[in-house]
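Commentary on secondary and tertiary structure
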Amino acid sequence: MPTDLLDAQRILAALSSGARRAVARLEVHTEIDSTNRYLMREAATGAPCGTLCLAECQTAGRGRFGRPWISPYGANLYLSMLWRFKAPPAVLGGFSLVAGAVVADALRRIGAEGLALKWPNDLLWDRRKLGGMLLEVAGEAQGPSALVVGIGINVRMAHDHGHAIDQPWVDLAEVLGGLRVDRNALAARVADALIDAFERFDCEGLTPFLALWDGFDAFRGEQARILLADREIRGRVLGIASDGALRLETADGERRFHAGEVSLRREGEGVGER
Ligand code: BTN
């Protein structure tokens, strides 16, 4: 039995004072279908900005492109947070990159060296997947909007469960060289980073986060393929544009792609990865 089961009081106590004020509601579930799906339902019935939801396991954890997110009990971090913005949903696309950058930075601050981001927000270490983010938004075309940011981080993934993951993976225990990870403290660090980012993004947009994202860019300068629904486009990754689009140098000149429409693969990398 793991000794650090998630505990709402311990998470609250570990939050910065500003973040503690911003958390309107904190729920820790033993089992849930998906923390994201749950918060999207709650958002529709008026849950407040700053609702934070964690679960020990998810029975229908979801990743990007409708893929399952393997979510065994008591081992990892499954965290979602609801934030409300006056802005329309279309403006919030850029937060996809922000979430990746600030979570990577939060993990680096607790000692995780060598992290990288695969556009828009896959968290990698040694080219293996450590975590991912799923953003879902609801709202009126002119605003306001409700954004749910869901974060999954492999903390101590047993190999039995890891077998079900269809791409190379790693957990935080390995990244930290076997150091024990307190999931309550980790949840607090991630929530701190997210809340700070929500507030800053609301005032300043994506611009203040671009350099942070750049510093984690796993693909810059590499040959890569962009997968569209019906074809692939090859080129060299130039980095990200000021609106968060991926810049690719192709035989026909520079092209830009937006998250949600496409996925990115390093040239020669396996089919399982997205
Ligand atoms: C991805 O890389 O494909 C995104 C994975 C996102 C997983 C998290 S776990 C918490 C939240 N609840 C979900 O069902 N998904 C996200």
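Residues numbered from 1 in each chain as written. Predicted model: local features only at pLDDT ≥ 70, side-chain atom pairs only at ≥ 80, totals over all residues. Heavy atoms only, no water.

**Some remarks on the overall build of the protein chain**
From N to C terminus, the protein chain includes eight helices and 12 strands. Taken over the C-alpha trace, the protein chain has a radius of gyration of 18 Å; the compact-globule value for 274 residues is 19 Å, and the two agree within 12%. Dimensions along the principal axes, computed over C-alpha positions, put the protein chain at roughly 55 × 45 × 30 Å. Put simply, the protein chain has 274 residues, and 55% of those count as buried. The long-range share in the protein chain, meaning contacts at least 24 apart out of those at least 6 apart in sequence, stands at 66%. When the accessible area of the protein chain is evaluated, it comes to approximately 11900 Å², of which 50% is carbon and sulfur surface. Separation of charge centres in the protein chain, based on 33 positive and 36 negative side chains, amounts to 1 Å. (Helix = DSSP H or I, 4+ residues; strand = E, 2+ residues; numbered from the N terminus. Rg over C-alpha atoms; globule rule 2.2 N^0.38 Å. Buried < 20%, exposed > 50% of the residue type's maximum accessible area, 1.4 Å probe, protein only. Contact = heavy atoms within 4.5 Å. Areas by Shrake-Rupley, 256 points an atom, 1.4 Å probe, with all protein chains shown as cover. Lys, Arg positive; Asp, Glu negative; His and termini not counted. Charge placed at Lys NZ, Arg CZ, Asp CG, Glu CD.)

**Focus on the site of the ligand**
As a structural note, the neighbourhood of the ligand is formed by 20 residues, with Ser34, Gln58, Arg62, Arg64 and Lys129 the closest of them. Side-chain polar atom of Thr35 to a nitrogen atom of the ligand: 3.1 Å apart, as the coordinates give it. Between the ligand and Lys129 there is a distance of 2.6 Å, counted from an oxygen atom to a side-chain nitrogen or oxygen. Alone, the ligand offers 420 Å² of accessible surface; in the complex the protein occludes 97% of this. When contributions to the shell around the ligand are tallied by element, the ones reaching two or more residues are helix 3 (35-44), strand 3 (77-85), strand 6 (128-139) and strand 7 (145-153). A total of four residues in the shell around the ligand trace back to one element, the largest contributor, which is strand 6. Classifying every residue of the shell around the ligand gives six nonpolar, 10 polar and four charged. (Near = heavy atom within 4 Å. Polar contact = N/O pair within 3.5 Å; in protein donor to acceptor, adjacent residues only side chain to side chain. Nonpolar A, V, L, I, M, F, W, Y, C, P; charged D, E, K, R; others polar.)

**Remarks on the packing of aromatic side chains**
Tallied over the full model, the rule gives five aromatic pairs. Pairing Phe85 with Phe201 gives two aromatic rings, centres 6.3 Å apart and planes at 85°, and the pair type is edge-to-face. Of this pair, Phe85 sits in strand 3 while Phe201 sits in helix 7 (residues 183-204); the two residues are 116 residues apart in sequence, bridging distant segments of the chain. Taking the relative accessible area as the measure of exposure, Phe85 reaches 3% and is therefore buried. Here Phe95 and Phe201 contribute two aromatic rings whose centre-to-centre distance is 5.3 Å and whose plane-to-plane angle is 80°, an arrangement assigned as edge-to-face. On the criterion of sequence distance, the pair formed by Phe95 in helix 4 (residues 95-109) and Phe201 in helix 7 is long-range, its members being 106 residues apart. Of the two residues, Phe95 and Phe201, neither departs from the other in class, the shared state being buried. Put simply, the rings of Trp83, Phe85, Phe95, Phe198 and Phe201 touch in pairs and so form one group of aromatic residues. Of note, Arg200 hangs over the ring of Phe209, and the distance from its end group to the ring centre comes to 6.0 Å. The lysine or arginine in question, Arg266, covers the ring of Phe219, its NZ or CZ lying 4.3 Å from the ring centre. (Phe/Tyr/Trp six-rings, centres within 6.5 Å; stacked < 30°, edge-to-face > 60°. Lys NZ or Arg CZ within 6 Å of the ring centre and 35° of its normal.)

**Observations concerning the sheet that holds strand 10 (residues 246-250)**
Pairing is antiparallel across the open sheet formed by five strands, whose spatial order is 11-10-9-8-12. Two strands bound the open sheet, and with one partner strand each, they are strand 11 (253-257) and strand 12 (263-266). Averaged over neighbouring strand pairs, the angle between their axes works out to 45° when direction is ignored. Both strand 8 (residues 223-227) and strand 12 contribute to a ladder of four bridges, which runs antiparallel. Residue pairing across strands places Ala224 opposite Arg266, the latter belonging to strand 12. (Pairing = 2+ DSSP bridges. Axes fitted to C-alpha atoms, helices over the stretch in contact; angles between N-to-C directions.)

**Some remarks on the pattern of salt bridges**
Enumeration according to the criterion identifies 25 salt bridges in this entry. A salt bridge links Arg41 to Asp33; the shortest N-O distance between them is 3.0 Å. Between Asp192 and Arg189 there is a salt bridge, and its shortest N-O distance comes to 2.7 Å. Residue Asp192 and its partner Arg189 are located together in helix 7, separated by three residues, close to a single helical turn. Given the relative accessible area of 31%, Arg189 is considered partly exposed. The network of salt bridges with common partners includes Arg225, Glu232, Arg234 and Glu267. (Salt bridge = Lys/Arg side-chain N within 4 Å of Asp/Glu carboxyl O.)

**A closer look at the side chain of Asn154**
Relative to the assigned elements, Asn154 resides in the loop between strand 7 and helix 5 (159-162). At a separation of 3.2 Å, a polar atom in the side chain of Asn154 contacts the main-chain carbonyl oxygen of Val170. Not counting the four nearest positions on each side in its chain, Asn154 is found in contact with Trp69, Asn76, Lys129, Leu130, Trp169, Val170, Asp171 and Leu172.

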